[in-house]
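An overview of the molecular structure
Listed below, chain by chain, are the residues.
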Amino acid sequence: MTDPPDPTNAIAHTDAPGRTGATNPRNLGSPSAAADQLARVKAQFEPVPGYLNAATLGLPPIPVAEAVRVALTRWQRGKATATAYDDDVDAARTAYARLVSVPLEWVSVGSQTSVIAGLVASSLPDGAEVVCIEGDFSSIVFPFLVHADRGVTVRQVPLSELANSLTERTALVAFSLVQSASGVVCDGPAIAAAARDVGALTFCDITQAAGWLPVDAGVYDMTACSAYKWLCHPRGTAYLTIAPGLIDRVRPIHAGWYAGEDVWASCYGPSMHLARDARRFDVSPVWLSWVGAVPALEVMTMVPTALIGEHNIALANDLRARIGGPSVATPVVSLGDPSGEMAGRLAELGATVASRAGRVRIAFHIWNTPDDVDLAAKALSSASPRP
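Below, the structure is looked at part by part. (Residues numbered from 1 in each chain as written. Predicted model: local features only at pLDDT ≥ 70, side-chain atom pairs only at ≥ 80, totals over all residues. Heavy atoms only, no water.)

**Observations concerning the overall build of the chain**
Test applied: The helix and strand labels rest on DSSP assignments: H or I over at least four residues marks a helix, E over at least two residues marks a strand, and numbering proceeds from the N terminus. In this treatment the radius of gyration is a C-alpha quantity, and the globule benchmark scales as 2.2 Å times the residue count to the 0.38 power. Between buried and exposed lies partly exposed: a residue is buried under 20% and exposed over 50% of the maximum accessible area for its type, with that area taken using a 1.4 Å probe on protein chains only. Any two residues whose heavy atoms approach within 4.5 Å are treated as being in contact. To be clear on the numbers: accessible area is Shrake-Rupley with a 1.4 Å probe, and residue cover counts the displayed protein chains and nothing else. When charges are counted, Lys and Arg contribute as positive and Asp and Glu as negative, whereas His and the chain ends are disregarded. Working definition for charges: the position is that of NZ of Lys, CZ of Arg, CG of Asp or CD of Glu.
Tallying secondary structure elements over the chain gives 10 helices and 10 strands in all. Taken against the 2.2 N^0.38 rule, which gives 21 Å for 387 residues, the C-alpha radius of gyration of the chain at 21 Å falls within 12% of a compact globule. Dimensions of the chain, computed from the C-alpha atoms along their principal axes, are close to 65 × 55 × 40 Å. A buried classification covers 53% of the 387 residues belonging to the chain. Intrachain contacts of the chain at a sequence separation of at least 6 include 73% that bridge at least 24 residues. Within the structure as shown, the chain displays about 16,400 Å² of accessible surface, and the carbon and sulfur contribution to it stands at 54%. A gap of 5 Å separates the mean positions of the 29 positive and 37 negative side-chain charges of the chain.

**Some thoughts on the pattern of salt bridges**
The following threshold applies: Salt bridges, as used here, are contacts in which a Lys or Arg side-chain nitrogen is within 4 Å of a carboxyl oxygen on Asp or Glu.
The full count for this structure, using the stated rule, is 10 salt bridges. Put simply, D374 and R322 hold a salt bridge, and the shortest N to O gap is 2.7 Å. Residue D374 is located in helix α10 (residues 370-381), and its partner R322 is located in helix α8 (residues 305-322); the two are separated by 52 residues in the primary sequence. For D374, a relative accessible area of 37% puts it in the partly exposed group.

**A few points about the side chain of D136**
When you line up the elements, D136 lands in the loop between β2 (129-133) and α5 (142-145). The buried charged residue D136 lacks any salt bridge, with R361 as its nearest oppositely charged partner at 10 Å. With residues near it in sequence (within four places) discarded, D136 still touches V141, A174, F175, S176 and Q179.

**What to know about the nonpolar core**
Convention followed: Nonpolar cores were defined as sets of buried Ala, Val, Leu, Ile, Met, Phe, Trp, Tyr and Cys residues, with membership established by side-chain atoms within 4.5 Å.
F45, Y96, F175, L177, I206 and Y239 are the most contacted members of the largest nonpolar core, which totals 71 residues. Elements supplying a minimum of two residues to this core: α1 (31-42), α3 (85-99), β1 (107-110), β2, β4 (170-176), α6 (188-198), α7 (287-300) and α8. Not counting chain neighbours up to four residues away, the residues in contact with I206 comprise Y96, V100, L177, V215, T223, A224 and C225.

**With respect to helix α4 (residues 113-122)**
Of all 10 residues in α4, 7 are buried, a share of seventy percent or more. Tucked inside the fold, the buried residues of α4 contact α5, β4, β5 (201-205), β6 (222-226) and β7 (238-242).

**As for unusual backbone geometry**
Here the amide bond leading from G269 into P270 is cis, since omega sits at 10°, within 30 degrees of zero. Within the secondary structure layout, P270 lies in the loop between β7 and α7. Non-glycine residue S101 carries a positive phi angle of around 60°. You can see S101 is positioned in the loop between α3 and β1. In the Ramachandran plot, A357 falls in the positive-phi region, its phi being about 55° despite a non-glycine side chain. Turning to its location among the elements, A357 is positioned in the loop between β9 (354-356) and β10 (359-363). Looking at A357, the relative accessible area reads 70%, which means it is exposed.

**Some points on the pairing of β2**
Note on strand geometry: in a regular strand, side chains alternate between the two faces of the sheet. Under the convention used in this document: The pairing criterion is simple: DSSP has to find at least two bridges between the two strands.
Of all 5 residues that make up β2, 5 are buried, and the element is covered over most of its length. Alternating positions in β2 separate into two faces, E129, V131 and I133 on one and V130 and C132 on the other, with burial throughout. In this sheet, strand β3 (residues 153-157) lies alongside β2 in parallel orientation, the contact comprising 5 bridges. Bridging across to β3, I133 finds its partner in V157. Across 3 bridges, the pairing between β2 and β4 is parallel. Within β4, the residue paired with V130 across the bridge is L172.

The following block contains the structure:
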């Protein structure tokens, strides 16, 4: 066991994106080469001026929309087959494993983060302590709270105190790598190291990170990702990664035919032969959604994730500078807006944003341009933005 870094450094939201446990080995090249690479990715999206809401719902790349349309037509004409969809699931699983830097055998496919979190929660022993972040997204907290009747306790602490709050009583620390409401980025490796030091497991939700922030899922014991946001999948696609040493410790409570070692030989009982790797946690896939997952990953991996992150953060920091805020290494601009005035003004001028936890959330992604910064700045200049 290695010594953990100073747990007081559990927040890295003013640092470069690399503080997540992943480094991207690909050379980003010259500024002009990077711009050319980004232009290729941008060309995969239909222009949607003012769409600043990737943290809620990503836009489908053109190949995703086309793939789903073709699949719908095949289904409508009676040409679709259940077994053919397995190719899409397998290809997406393989591409996602590469994206988050884990072996293929670590990856399970699902539909929702809350369901994956429920799987993890159900495997905790009676009386276990779970530590979460105050104000984290409910799908990473509620699945643990519902086990209070068997003595599972959930201790919610400020993000800045998370790593330092873990004790030998802690069975699991469950947290989002990037906070949904604010876009604040945790220092995941520091939290993981602190957990290892006290013998606790880590369960990290990377939904708001994967797609713009390089992530090494192998840093954590388990991760979950709903891919319909920054990864631009159709909704109904989610991924679990789980370290091999936990395969036998987590109960596959959703086991069905798709969790079998041989899927199509597992449709009927009485015997059960589950997959020996993370596939034992698979749930029957939302077929048409997984058709769109493959081209989404193809588009989102055309360039290094770090390059997408740099583009997104630069736009967000441009907006922050224009309203008098500091530069922060996150593509999400979160401003106090309890009355909804700013969100309303943004909508009036044609921007699509979200209101979360009394704040307006403005999220920049690969399709956004300086024109979107101009639009948001104009709206906020007349609406008294507050950090």
